[in-house]
Amino acid sequence: MHALPAAPIRARLNDADITALLGSLHGADNPGDLLRRVLVGVFTPLLAAQGRSLHDFGPGNRLNADTWLLSTPQLDAILQAACSRATQWGASADVVVELVNMLPKGFLDNVTVPEVPTVDYQPRQLVATVERDAAAVFAAVQHRLNALATCYGDTSRFHVDAQTSWVAMVTVLMSLNFGPHQSVEAFGDLGLLVTTAGGTTYSIAFEPLPRTCVAGGGCPAVLDDDGRVLNPNQQVIGHVHVPAYPTTAITPGVWRARSDLHRALPA
């Protein structure tokens, strides 16, 4: 059994090794195979410089990535290439997270990385399975946008911000970076829950705008629908609270995407 040195070793892959590594990623059959190719391509030359190989390690003698620091430009190029290759399976985020945990950390360096021909691995088609309740959400969102325009005006900040945020969320929904297929479920009355080809789940949810006091004086009061102050210990005393939007009017807000969401629907 060989004991690795405790102090991190600053290392660079030579041009031939990094070119071979990046080129090998095109032959990956699945995300697991992609990870294996990256790890073999990185650690084989690092260990060879110490007279070792991957065969020297196993369950009882695990390889410690913190033994080395890898040139940051080379590390970035490897992560970007792996991310690009994983788009075919919608697994880019998962692959990059795994590699960040498994590869050496980087050190600042000005080394030039050889250019390797790029391939577009984005799928030719995106197939979305939209549940019936999710389809109804699109109609409900359009109804909310129309109501905001009617209440505040179609050029008002409340309507423009809401409409702009929804268009941005639809753009995310139609992204090919998550793989060739995804399923879309309803998430409350105005939101969607999306499961991508790679198994990643994210939500698109409507976030109401807090009804803050705009009377001036730096008042931080937040008002409920009935005009009650929700944070009485923080309000400025001695003036009449003026809500940012009427208590009887439709609540404005914006849509935002959140990842790693618990699948339980909101109450």
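Rules used throughout
- Residues numbered from 1 in each chain as written.
- Predicted model: local features only at pLDDT ≥ 70, side-chain atom pairs only at ≥ 80, totals over all residues.
- Heavy atoms only, no water.
- Salt bridge = Lys/Arg side-chain N within 4 Å of Asp/Glu carboxyl O.
- Helix = DSSP H or I, 4+ residues; strand = E, 2+ residues; numbered from the N terminus.
- Buried < 20%, exposed > 50% of the residue type's maximum accessible area, 1.4 Å probe, protein only.
- 1 Å grid on protein atoms, 1.4 Å probe; cavity = no way out; pocket = protein on both sides within 12 Å on 5 of 7 lines; lining within 4 Å.
- Points joined across faces, edges and corners; volume = space filled by probe spheres on them.
- Nonpolar A, V, L, I, M, F, W, Y, C, P; charged D, E, K, R; others polar.
- Axes fitted to C-alpha atoms, helices over the stretch in contact; angles between N-to-C directions.
- Parallel < 35°, antiparallel > 145°, perpendicular 65-115°, else oblique.
- Left-handed = near helix turned anticlockwise from the far one by under 90°.
- Contact = heavy atoms within 4.5 Å.
- Disulfide = S-S within 2.5 Å.
- Pairing = 2+ DSSP bridges.
- Arc of directions from axis to C-beta.
- Phe/Tyr/Trp six-rings, centres within 6.5 Å; stacked < 30°, edge-to-face > 60°.
- Lys NZ or Arg CZ within 6 Å of the ring centre and 35° of its normal.

Enumeration according to the criterion identifies nine salt bridges in this entry. Of the charged contacts, one joins Arg-36 and Asp-33 as a salt bridge, the two residues approaching to 3.0 Å between their closest N and O atoms. A residue pair is termed a helical-turn pair when its members lie 3 or 4 positions apart in one helix, as Arg-36 and Asp-33 do in helix 2 (residues 31-48) at three residues. Look at Arg-36 and you get partly exposed, because its relative accessible area is 45%. Taking relative accessible area as the criterion, Asp-33 reaches 12% and is therefore assigned buried. As a salt-bridge pair, Asp-224 and Arg-228 come within 3.0 Å of each other at their nearest N and O atoms.

What follows concerns the layout of surface pockets. By volume, the largest pocket amounts to about 260 Å³. For the largest pocket, the lining is made up of 16 residues, of which Leu-22, Ala-77, Ala-81, Val-116 and Thr-118 are closest to its centre. Ranked by residues supplied to the lining of the largest pocket, first place goes to helix 3 (residues 72-86) with five residues. Here the lining of the largest pocket is composed, by residue class, of 10 nonpolar, four polar and two charged.

Axis separation between helix 2 and helix 4 (residues 92-102) bottoms out at 11 Å; the angle between their running directions is 30 degrees. With respect to each other, helix 2 and helix 4 are oriented roughly parallel. When the axes of helix 2 and helix 4 are compared, the crossing they make is right-handed. Touching Pro-31, Leu-34, Leu-35, Val-38, Leu-39 and Phe-43 of helix 2 are Val-95, Glu-98, Leu-99 and Met-102, all from helix 4.

Moving on, we get to the state of the cysteines. Summed over all chains, the structure comprises zero disulfides. Just so you know, Cys-151 is unpaired, no disulfide at all, and the nearest cysteine sulfur is the one on Cys-213, 19 Å from it. For Cys-213, which is in no disulfide, the shortest distance to another cysteine sulfur is to Cys-219 and amounts to 3.9 Å. For Cys-213, a relative accessible area of 8% corresponds to the buried category.

All right, on to the sheet that holds strand 3 (residues 105-107) then. Reading across the sheet, the three strands line up as 1-2-3 and stay open at both edges, with parallel pairing between neighbours. The open sheet terminates on both sides in strands that have one partner only, identified here as strand 1 (9-11) and strand 3. Between one strand and the next, the sheet's axes are offset by a mean angle of 40 degrees, whatever the strand orientation. The pairing of strand 2 (residues 68-71) with strand 3 spans three bridges and is parallel.

What follows concerns the packing of helix 3 against helix 4. Two elements in contact, helix 3 and helix 4, have axes whose closest approach is 8 Å; the angle formed by their N-to-C orientations is 150 degrees. When the axis of helix 3 is compared with that of helix 4, the two are roughly antiparallel. As helix 3 packs across helix 4, the resulting crossing turns out to be right-handed. On helix 4, the residues touching Leu-79, Ala-82, Cys-83 and Ala-86 of helix 3 are Ser-92, Val-95, Val-96, Leu-99 and Val-100. Class assignment of the residues belonging to the contact of helix 3 with helix 4 gives a composition of eight nonpolar, one polar and no charged.

Right, let's get into helix 4. When we look at burial in helix 4, the residues that qualify are Ser-92, Val-95 and Leu-99. Take helix 4 and look down its axis: the buried residues cluster within an arc of 70 degrees, on one side only. Among the exposed residues of helix 4, those pointing more than 90 degrees away from its buried face are Val-97 and Asn-101. Contacts from the buried residues of helix 4 go to helix 2 and helix 3.

The next thing to look at is the packing of aromatic side chains. Counted under the stated rule, the structure contains seven aromatic pairs. Pairing Phe-138 with Trp-166 gives two aromatic rings, centres 5.7 Å apart and planes at 70 degrees, and the pair type is edge-to-face. With a gap of 28 residues between them, Phe-138 in helix 5 (residues 132-152) and Trp-166 in helix 6 (residues 157-173) connect regions that are remote in the sequence. Classification of Phe-138 as partly exposed rests on a relative accessible area of 31%. By the ring-pair criterion, three or more aromatic residues cluster together here, those being Phe-138, Trp-166, Phe-206 and Trp-255. Positioned above the aromatic ring of Tyr-121 is the side chain of Arg-85, whose terminal nitrogen or guanidinium carbon lies 4.0 Å from the ring centre.

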